[in-house]
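Examining the three-dimensional arrangement
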Amino acid sequence: MKIHSLHRVKPHTKVRLSQYPADDTGIYKASKEADAQLEDNRQRLDTLQELFAASAQHALLIVLQGMDTGGKDGTIRHIFTGVNPQGCQITQFKVPTPLELRHDFLWRAHAAVPAKGVIGIFNRSHYEDVLVVRVHKKISDKQAHRRMDEIVAWEEMLAANGVAILKFFLHISHEEQTRRLTERLADPNKHWKISESDFAERKFWPDYQRAYEDVLARTSRKHAPWFIVPSNHKWYRNAAISEILLQTLVGLKMKFPQPTFDLKKLVLD
Ligand code: AMP
Ligand code: MG
């Protein structure tokens, strides 16, 4: 089975994250094979990105969500190394500013949607508005569900206007998060990455898992699918996401645009 269909969440199906092993490594037995695949994919991605930019028929929006230490930053670094930075646009979604809070919750996300020919990556996203705020009871379940319907409609509109959307949930286990936070605490060069909030949010682990399950079940669509990516092994996470990305780009069946003038008539003096 292609990785693409292996991890995709079928629309309108219940999700129980405990039934998805976070340390799954799919078709790869060891990191060596996955790393070789990733390297191969990176080179193909570089070539495909040029075609993607030149044809400018579609935009590509990649949404990365997951618990703290899930690997959102690492995914971006490993997968997009070597890809022309001019064709990529990365947006980090932090606690909303006072100005952002005065607008509807999709306002800042819409402003960051990539234009045709551009690959846009959301490091966290509009989904925070149905995750962190719901877990902390800033909105009711009813409001969360209404927002999810609004997200589905908004993403449908984007898709109808040429935006291909891929959404990745980086699935790690609680034990793996413990290990990663312990590692960060032990390494002075990683201390900058630690925030008090990571430790505070950890206490809400079961609430987050439930909130994610609801999001995954309600907002995965054919035109904007969610993928539950087993992410305890970083090498599997990287290989799987790059594979899904490539399969998607190849599926767009892009062509270089034809010149609008007769090349034979050009004279090089
Ligand atoms: P980080 O991605 O680790 O730099 O942290 C960003 C923080 O901003 C996380 O704790 C997010 O939960 C938080 N955040 C992002 N979007 C929102 C939002 N819409 N409402 C509240 N908090 C948010
Ligand atoms: Mg963080």
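For the structure itself, look to the data block above.
Residues numbered from 1 in each chain as written. Chains lettered and ligands numbered in written order. Predicted model: local features only at pLDDT ≥ 70, side-chain atom pairs only at ≥ 80, totals over all residues. Heavy atoms only, no water.

A few words on the overall build of the protein chain. Counting its secondary structure elements, the protein chain contains 11 helices and 5 strands. Whereas a compact globule of 269 residues would reach a radius of gyration of roughly 18 Å, the protein chain reaches 20 Å, a difference of no more than 12%. With the C-alpha coordinates of the protein chain rotated into their principal frame, the extents come out at 70 × 45 × 40 Å. Taking all 269 residues of the protein chain together, 49% fall into the buried category. Pairs at least 24 apart in sequence give 83% of the contacts found in the protein chain among residues at least 6 apart. Here the protein chain has roughly 14,700 Å² of accessible surface; of this, 54% comes from carbon and sulfur atoms. Taking the average place of the 40 positive charges on the side chains of the protein chain and the average place of its 32 negative ones, the gap between the two points comes to 3 Å. (Helix = DSSP H or I, 4+ residues; strand = E, 2+ residues; numbered from the N terminus. Rg over C-alpha atoms; globule rule 2.2 N^0.38 Å. Buried < 20%, exposed > 50% of the residue type's maximum accessible area, 1.4 Å probe, protein only. Contact = heavy atoms within 4.5 Å. Areas by Shrake-Rupley, 256 points an atom, 1.4 Å probe, with all protein chains shown as cover. Lys, Arg positive; Asp, Glu negative; His and termini not counted. Charge placed at Lys NZ, Arg CZ, Asp CG, Glu CD.)

Turning to its location among the elements, Asn 232 is positioned in the loop between strand E5 (226-230) and helix H11 (234-251). The class of Asn 232 is buried, set by a relative accessible area of 13%. Within the structure, Asn 232 has its side chain in polar contact with the backbone nitrogen of Ser 173 (distance 3.0 Å). Contact partners of Asn 232, with chain neighbours within four places excluded, come to Ala 22, Asp 23, His 171, Ile 172, Ser 173, Glu 176 and Arg 180. (Polar contact = N/O pair within 3.5 Å; in protein donor to acceptor, adjacent residues only side chain to side chain.)

Counting buried residues in strand E3 (residues 119-123) gives 5 out of 5 residues, a clear majority hidden from the surface. A two-sided burial pattern is seen for E3, the buried positions comprising Ile 119, Ile 121 and Asn 123 on one face and Gly 120 and Phe 122 on the other. Here 5 bridges tie strand E1 (residues 59-66) to E3, and the two strands are oriented parallel to one another. Bridge pairing in E3 places Leu 61 opposite Gly 120. (Pairing = 2+ DSSP bridges.)

What follows concerns the pattern of salt bridges. In total, this model carries 15 salt bridges according to the counting rule given. A salt bridge links Arg 16 to Glu 213, with the nearest nitrogen and oxygen atoms 3.0 Å apart. With Arg 16 in the loop between helix H1 (3-7) and helix H2 (31-55) and Glu 213 in helix H10 (residues 205-219), the pair connects residues that are 197 residues apart, well separated along the chain. In this structure Arg 16 comes out as partly exposed when scored by relative accessible area, which is 36%. The shortest N-O distance in the salt bridge between Arg 179 and Glu 183 comes to 3.1 Å. Separated by 4 residues within a single helix, Arg 179 and Glu 183 lie in helix H8 (residues 174-186), roughly one turn from each other. The class for Arg 179 is partly exposed, based on a relative accessible area of 45%. (Salt bridge = Lys/Arg side-chain N within 4 Å of Asp/Glu carboxyl O.)

Further remarks concern the sheet that holds strand E4 (residues 163-171). Pairing between the strands of a sheet is mediated by backbone hydrogen bonds and can be parallel or antiparallel. Overall, parallel pairing links the 5 strands, which are arranged E2-E3-E1-E4-E5 in an open sheet. A strand with exactly one partner marks an edge of an open sheet, and here the two such strands are strand E2 (88-92) and E5. On average, each strand axis in the sheet is inclined to that of its neighbour by 20°, with strand direction left out of account. With 5 bridges joining them, E4 and E5 adopt parallel strand pairing. Its bridge partner being in E5, Phe 168 is matched across the sheet by Phe 227. (Axes fitted to C-alpha atoms, helices over the stretch in contact; angles between N-to-C directions.)

Looking now at a nonpolar patch on the surface. Taken together, the side chains of Phe 261, Leu 263 and Leu 266 present a nonpolar region at the surface, about 330 Å² in accessible area. When you line up the elements, Leu 266 lands in the segment after H11. (Patch = residues over 30% accessible without salt bridge, like charges linked within 9 Å, V, L, I, M, F, W, Y side chains within 5 Å.)

What follows concerns the site of ligand 1. All residues in the neighbourhood of ligand 1 are listed as Phe 93, Lys 94, Val 95, Pro 96, Arg 108, Arg 124, Glu 128, Asp 129, Val 132 and Val 133. In this structure, Arg 124 approaches ligand 1 through a side-chain N or O atom, which is 2.5 Å from an oxygen atom. Here a nitrogen atom of ligand 1 sits 3.0 Å away from a polar atom, N or O, in the side chain of Asp 129. Computed on the free molecule, ligand 1 has an accessible area of 500 Å², of which 78% lies beneath the protein chains in the complex. (Near = heavy atom within 4 Å.)

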